[in-house]
Amino acid sequence: MSVWLVYALLFSLIGQTEQDGHPVPIEEVKMYTEETYCASSDCGAWVLKVTWRDKFAENNESEKVSYDIEVLHTQQMKTVHFETIHVMPNKTSYYHWRWTSPIPLQCTSHSVRLRRHNEHNIGEWTPLYTHKGQDLNAATTTVYPHDQVFAVGSNITFCCIVETDKRPLSEFLIRISNRTYITKPVPFEEPSTPNIHCDVEGNPSGSTIFIGYPPDDQNLTCITRNLTSLECIWEKGRNTYLTLNRKTTYTLDGRVCEYRKCVIHELKKQVTNWTLIAKNPLGVKTLTDTADPTHRVLLRAPSKISHDAYARNVTLRWSWNEESYALFPMICQKTFNGMGLTSAVLINLQPFATYTAQVQCGSYEHFYEWGDWSEITEFSTKEDIPEAVDVWIHYSEQTTSVLWKPLTQQQSHGIITGYEISIGKIKKDLKTQLCYNITSGNEKSDRIITVSAKNSAGPSPPSTIIIPSYPDSEVDISRINGKNGGFEMSWEEYPYSTCGYVVEWFPTYKKTQCAVAWEKIPKCDSGACNTWNRSGVRYTVSVYACTDDSPKLLKRSEGYAIEKQPGKVVNLKGENKGRNVELSWDEVPLEQQNGFIQHYEVIILLSGSETIFDPVTTEVNLKLDPGSYTFRVRACTSEGGGDYATHKMNVEKSSDQIIAATVVGCSAATLIFIIISVLCYRKRKWLKKLLYPDIPEPKLAGKWITKGFYCTQMTEGYMKCEIQEVHSLEHPAISGSLRVLDLISSNPKVVPAQHFYQNISESPADVSYCPVQKLTSIIENPSYNMTIPEPVGVAQISDLTLEMQDSYLPAPNFVQNNFVVKGSDGYKPQSASATNFKFMQKQFFIINIKSKNNLCL
């Protein structure tokens with residue numbers, strides 16, 4: 001019986017699933033788009049949803065049912081998506097399928113169809129269910145998507161719907177329908193608001209989209225400020241870059257909230273959960289918080305702050321604007337606590353000081369955090385007696401000075417009006433002085449000195465110091481080098497030191513009455529004391545041990561904290577004695593040395609050469625060769641040399657050296673002269689022959705006997721004359737008529753020149769005188785190479801010939817007058833052209849050829 005029931009049920013099922021041999025179709029297929037957030041009603045849809053029912057699946061409860069789903073671009077019937085899904089049978093509800101398109105669904109029509117299949121058979125496709133695109137009825141060029149929001153990192157494909165028979169001119173290159181063109185996917189990696197343009201001839205268009213981030217808010221915290229309401233705050237995360245109606249919205253437990261603050265007026269005094277939802281077009285962020293509000297109290301600021309100030313304390317008072325704080329246990333800074341605190345006392349304040357104060361409070365039982373600060377209030381404490389002054393003594397020659405440091409504002413506790421100093425029983429009031437000189441006498445005991453500072457509140461506790469009757473100043477002064485801009489002093493421990501040590505320092509060479517500084521150092525085993533920054537000045541640093549009696553001097557040093565180059569040029573002087581030069585200069589004044597003088601640099605310049613040496617004294621002795629010298633000297637510290645001092649000097653030979661050189665030179669010249677004279681004497685014949693050869697005697701061509709009259713001028717107005725003869729043997733006929741000068745015999749006479757012609761007529765010779773005429777020539781003797789002066793007239797002898805043995809022709813110095821020798825028969829020489837005369841002590845002779853008839857000499 002049961003078998004038959006099974007068969008009946010099977011045949012009934014087969015009858016329901018197949019009708020006339022065909023599978024039961026899929027029913028109630030619906031297709032629609034999912035809403036997308038945008039500012040306009042038609043900005044672009046991307047999600048396609050499909051729902052359906054299937055009776056076959058409802059009757060087949062035991063097996064999964066599979067469906068093939070295909071999406072096509074309707075106009076081109078091109079498959080753009082194919083997917084197979086598997087679902088469990090469901091009798092009461094619809095099956096749902098969701099697909100996101102890579103392009104906005106408005107770009108073109110999309111069609112969807114389904115079919116059922118299993119292991120044994122595949123069903124038929126349902127009819128096409130189409131979602132119509134805007135390319136069917138768009139009146140103008142349109143770009144999708146537009147006015148939509150996308151997340152950073154999206155790749156977006158844009159489409160441009162153009163009019164029929166037109167084509168875009170820009171990036172829209174792929175055609176998917178008769179009127180629709182799309183771009184390749186465009187990446188957007190940064191937040192921006194890009195504009196997309198579709199350039200179509202005659203009808204361009206474009207769209208704007210928004211690239212941003214989803215909400216990223218964090219740390220939701222809910223607190224109470226007034227114990228009656230709740231305030232929830234949170235931190236803003238990353239900027240979404242979305243504004244206006246695209247910005248993030250907030251809701252707290254269903255209540256719409258403002259950004260970063262949400263108030264709930266109902267406070268539950270128990271543990272409560274709060275949920276905040278942050279939402280924008282790109283996503284949703286959910287934040288939660290759980291707490292008891294009474295454990296999260298953040299008090300508001302106190303108000304109406306007032307004060308009562310004294311020298312070392314002040315009382316602050318305030319009030320609360322929240323009535324609920326009156327019975328709330330709270331704590332206020334600084335560590336004041338109580339029920340509804342409204343005042344506090346501040347102690348241990350500094351007298352005569354200005355303070356500012358604020359008040360903030362928090363929960364005492366369940367402290368969460370400090371509340372808000374009140375407004376600032378300012379007050380000043382009153383004056384109090386000053387602190388004790390720091391007193392010291394300083395010994396300087398015959399004066400002992402008592403010094404004290406000025407009190408700081410924190411130490412003075414008010415305005416210092418003066419000081420009181422006591423020396424034994426003597427008291428003196430001082431106004432603004434910081435030191436007091438005590439003349440040292442012949443005190444037989446130590447003196448006790450006290451110093452107090454005074455203000456309106458009274459005098460300070462006295463500071464005491466003891467001046468010994470015999471100050472201890474016998475100690476060697478050592479040199480100390482600066483380090484890091486100061487000094488580092490060290491000393492051996494003094495066994496009797498009871499209150500530490502005192503280091504004193506002051507400018508060594510610019511000391512004034514109060515120019516002493518000191519520092520008290522606690523007792524130490526081996527002091528490595530503080531550094532005192534002082535530059536360019538020489539300081540004296542002393543170390544004293546502080547004892548129950550007067551201070552004990554332990555050590556004294558001098559040095560420069562920072563050495564510099566000397567600040568002044570040395571005063572250079574020079575003195576020379578012959579080649580010995582002494583350079584000296586004054587030391588740089590101590591206050592301008594700026595460091596310890598290590599040495600001096602001396603430069604000697606001579607004709608481009610340079611010599612440098614570094615003496616340590618202020619005087620040098622040099623032995624130099626003669627010349628013009630330039631000396632340059634400067635002082636040098638460890639930091640280098642200062643400016644040069646310059647001195648110029650000429651170094652000459654000494655008088656002893658000049659005399660010695662003269663004697664030596666003259667002696668050498670004398671010796672040379674003697675040697676030359678001896679040599680010349682021994683070779684005198686050779687020199688005479690070389691320089692002065694014998695003069696040959698003149699010879700006449702024929703045999704002549706001729707007398708002449710020769711005159712030379714002596715002093716003014718007088719003439720020296722003598723008769724001379726020349727004999728010729730070839731012409732005896734003329735012996736009685738031609739008279740010429742004899743150049744060998746001489747009987748000179750001296751007569752006045754004016755009587756020359758008269759006296760000459762008295763001569764034994766028969767002579768006639770030519771008129772005074774110009775001398776024709778003075779013949780040069782070639783051996784002496786002497787010049788022939790202009791002739792002074794002498795008559796020519798035309799036919800008389802005088803000859804010499806050789807060319808040596810001496811001539812007389814001067815011929816005063818001319819004369820003519822005539823024969824008695826009027827004989828005239830025919831061939832003579834010159835007449836030569838020989839003088840034993842003369843170098844020139846005279847020839848004057850004037851005419852054929854007369855011979856004038």
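Up top you'll find the structure we're talking about.
The structure displayed is predicted, hence computed values, not measured ones. (Residues numbered from 1 in each chain as written. Predicted model: local features only at pLDDT ≥ 70, side-chain atom pairs only at ≥ 80, totals over all residues. Heavy atoms only, no water.)

## Re the state of the cysteines
Then, in step 1: Within this structure, the stated rule accounts for six disulfides.
Then, in step 2: What pairs with Cys107 in a disulfide is Cys159, and their sulfur atoms sit 1.8 Å apart. As the torsion about the S-S bond is roughly -85°, the Cys107-Cys159 disulfide counts as left-handed. Within this pair, whereas Cys107 is found in the loop between strand S7 (95–100) and strand S8 (110–117), its partner Cys159 is found in strand S13 (residues 159–161), the two being separated by 52 residues in sequence. In terms of burial, Cys107 and Cys159 fall into one category: buried.
Then, in step 3: A disulfide bridge connects Cys332 with Cys361, and the sulfur atoms are separated by 1.8 Å. With the S-S dihedral at roughly 100°, the linkage between Cys332 and Cys361 falls on the right-handed side. Placement of Cys332 in strand S29 (residues 329–332) and of Cys361 in strand S33 (residues 361–363) is noted, with a sequence separation of 29 residues between them. In terms of burial, Cys332 and Cys361 fall into one category: buried. (Disulfide = S-S within 2.5 Å. Helix = DSSP H or I, 4+ residues; strand = E, 2+ residues; numbered from the N terminus. Buried < 20%, exposed > 50% of the residue type's maximum accessible area, 1.4 Å probe, protein only.)

## Notes on the nonpolar core
Within soluble globular proteins, side chains that are nonpolar tend to cluster in buried spots.
Then, in step 1: If you look at the biggest cluster of nonpolar residues, it comprises 27 residues, and the most contacted ones within it are Val389, Val402, Trp404, Ile421, Ile449 and Val451.
Then, in step 2: Secondary-structure elements contributing two or more residues to this core are strand S35 (391–396), strand S36 (399–404), strand S37 (418–423), strand S39 (435–439), strand S40 (447–455), strand S42 (463–467) and strand S44 (501–507).
Then, in step 3: Counting residues per element, this core draws most heavily on S35, which supplies four residues.
Then, in step 4: Apart from residues no more than four positions distant in its own chain, Ile449 is found in contact with Val402, Ile421, Ser422, Ile423, Ile438, Ser463, Thr464, Ile465 and Ile467.
Then, in step 5: In terms of nonpolar packing, the next biggest core, distinct from the first, is built from 20 residues, Val297, Trp320, Ala344 and Leu349 among them. (Core = buried A, V, L, I, M, F, W, Y, C linked by side-chain atoms within 4.5 Å. Contact = heavy atoms within 4.5 Å.)

## Describing the pairing of strand S46 (residues 538–545)
Successive side chains on a regular strand alternate, one facing one side of the sheet and the next facing the other.
Then, in step 1: Counting buried positions along S46 gives eight out of eight residues, so the element sits mostly inside the fold.
Then, in step 2: In S46, alternate side chains face the same way, and those of Arg538, Thr540, Ser542 and Tyr544 on one face and Tyr539, Val541, Val543 and Ala545 on the other are all buried.
Then, in step 3: Summarising the sheet, S44 and S46 pair through seven bridges and their orientation is antiparallel. For Glu504, the partnering residue across the bridge sits in S46 and is Ser542.
Then, in step 4: Sheet topology note: the S46/strand S47 (residues 552–560) ladder contains eight bridges and is antiparallel. Opposite Tyr539, over in S47, you have Gly559 as the bridge partner.
Then, in step 5: Hairpin geometry of S46 and S47 is characterised by an intervening segment of six residues between the two adjacent antiparallel strands. (Pairing = 2+ DSSP bridges.)

## Examining the sheet that holds strand S26 (residues 283–291)
Then, in step 1: Ordered by their spatial adjacency, four strands build an open sheet running S23-S22-S25-S26, and the pairing between neighbours is antiparallel. The strands lining the two open edges of the sheet, one partner per strand, are strand S23 (255–257) and S26. Across the sheet, the axes of successive neighbouring strands diverge by a mean angle of 25°, strand direction being ignored.
Then, in step 2: The sheet contact formed by strand S25 (residues 272–280) and S26 spans nine bridges and is antiparallel. Residue pairing across strands places Ile277 opposite Thr286, the latter belonging to S26. (Axes fitted to C-alpha atoms, helices over the stretch in contact; angles between N-to-C directions.)

## Some remarks on the side chain of Glu231
Then, in step 1: If you trace the backbone, Glu231 turns up in strand S21 (residues 230–235).
Then, in step 2: Beyond its immediate stretch of four places on either side in the chain, Glu231 contacts Thr221, Cys222, Ile223, Arg225, Lys261, Cys262, Val263 and Arg300.

## Some words on the sheet that holds strand S24 (residues 262–264)
Then, in step 1: Ordered by their spatial adjacency, three strands build an open sheet running S20-S21-S24, and the pairing between neighbours is antiparallel. Single-partner strands in this sheet number two, and they are strand S20 (218–223) and S24. Taken over all neighbouring pairs, the strand axes of this sheet differ in orientation by 20° on average, direction set aside.
Then, in step 2: With three bridges joining them, S21 and S24 adopt antiparallel strand pairing. Within the sheet, the bridge partner assigned to Leu230 lies in S24 and is Ile264.

## Points about the pattern of salt bridges
Then, in step 1: Counted under the stated rule, the structure contains 19 salt bridges.
Then, in step 2: We note a salt bridge from Asp429 to Lys454, for which the minimum N-O separation is 3.7 Å. Highlighted residues: Asp429 in strand S38 (residues 426–430) and Lys454 in strand S40, separated in sequence by 25 residues.
Then, in step 3: Residue class for Asp429 comes out exposed when judged on its relative accessible area of 56%.
Then, in step 4: On the accessibility criterion, Lys454 (24% relative accessible area) is partly exposed. (Salt bridge = Lys/Arg side-chain N within 4 Å of Asp/Glu carboxyl O.)

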